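Secondary and tertiary structure notes
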Amino acid sequence: NACYRKKGQMSQALEHGQQQLAIAQTLNLQLGQAHAKNSIALALTELGDMEGCRRNLDEALQHCRVVVPAGREIVQQQLALFLCTTLANLADHSVKVGQFQEAMRWVRDLQNADKCGLSASSIDVWAARALSIRDSIHKNVGADHMHKDDEAACVSESNESLHALAETSRAGGN
């Protein structure tokens, strides 16, 4: 799916994501469904279907939350990976549609997500992704997309999130 997106072949990426979803649904694989929903959402974003993207990201998040880690490291790692991916994609989506405070909420959720089973370097990658999204929010806030009160709240919120995210990363994550 990522290969199709990199080549700009969004219709094929969407079709491939839908095929992945059908297989995951047939096998009742919650994490597979979360992964497929993320893939579909990314293709829909590029195709301009922001509502479809958001719906699929919301559903991916629900699939992540349904999974109860059975104590196996691989399940915990996959859950953490898909949860972080979904939260980061929700934040990116919110930025793209001009919902900056919502984007900060997703960044905070990403910061606070259970990263059990992820390596320190993976946790650092997610911290960097959250900071990148925060920077994107800051770039866009000045573009008159928000009222002044909302802008101040978003900037204050993002600075608090940045500090907490750095602390979480230094402490080794959740």
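Our structure's up above, just so we're on the same page.
In this text, all values refer to a predicted model and were calculated from it rather than measured experimentally. (Residues numbered from 1 in each chain as written. Predicted model: local features only at pLDDT ≥ 70, side-chain atom pairs only at ≥ 80, totals over all residues. Heavy atoms only, no water.)

**Details of the pattern of salt bridges**
Scanning all chains against the criterion turns up six salt bridges. Here glutamate 102 and arginine 54 are joined by a salt bridge, their closest N and O atoms 2.5 Å apart. Placement of glutamate 102 in helix α6 (residues 100–112) and of arginine 54 in helix α4 (residues 50–66) is noted, with a sequence separation of 48 residues between them. Residue classification places arginine 54 among the buried positions, given a relative accessible area of 18%. For arginine 129, the salt bridge is made with aspartate 92, and the minimal N-O distance between the two is 2.5 Å. Taken together, the residues arginine 129 in helix α7 (residues 120–141) and aspartate 92 in helix α5 (residues 73–96) connect sequence positions 37 residues apart. Taking the relative accessible area as the measure of exposure, arginine 129 reaches 26% and is therefore partly exposed. Using a relative accessible area of 24% as the deciding quantity, one classes aspartate 92 as partly exposed. Overlapping salt bridges, with partners in common, bring together Arg54, Asp58, Glu102 and Arg105 in one network. (Salt bridge = Lys/Arg side-chain N within 4 Å of Asp/Glu carboxyl O. Helix = DSSP H or I, 4+ residues; strand = E, 2+ residues; numbered from the N terminus. Buried < 20%, exposed > 50% of the residue type's maximum accessible area, 1.4 Å probe, protein only.)

**Let's talk about the packing of α6 against α7**
Two elements in contact, α6 and α7, have axes separated by 10 Å at closest approach and are oriented at 165°. Taken as axis vectors, α6 and α7 run roughly antiparallel relative to one another. As for how α6 packs across α7, the hand of that crossing is left-handed. Side by side, α6 and α7 meet where Phe100, Ala103, Met104, Val107 and Leu110 of the first sit next to Trp126, Ala130, Ile133, Arg134, Ile137, Asn140 and Val141 of the second. Each residue belonging to the contact of α6 with α7 can be placed in one class, and the counts come to ten nonpolar, one polar and one charged. (Axes fitted to C-alpha atoms, helices over the stretch in contact; angles between N-to-C directions. Parallel < 35°, antiparallel > 145°, perpendicular 65-115°, else oblique. Left-handed = near helix turned anticlockwise from the far one by under 90°. Contact = heavy atoms within 4.5 Å. Nonpolar A, V, L, I, M, F, W, Y, C, P; charged D, E, K, R; others polar.)

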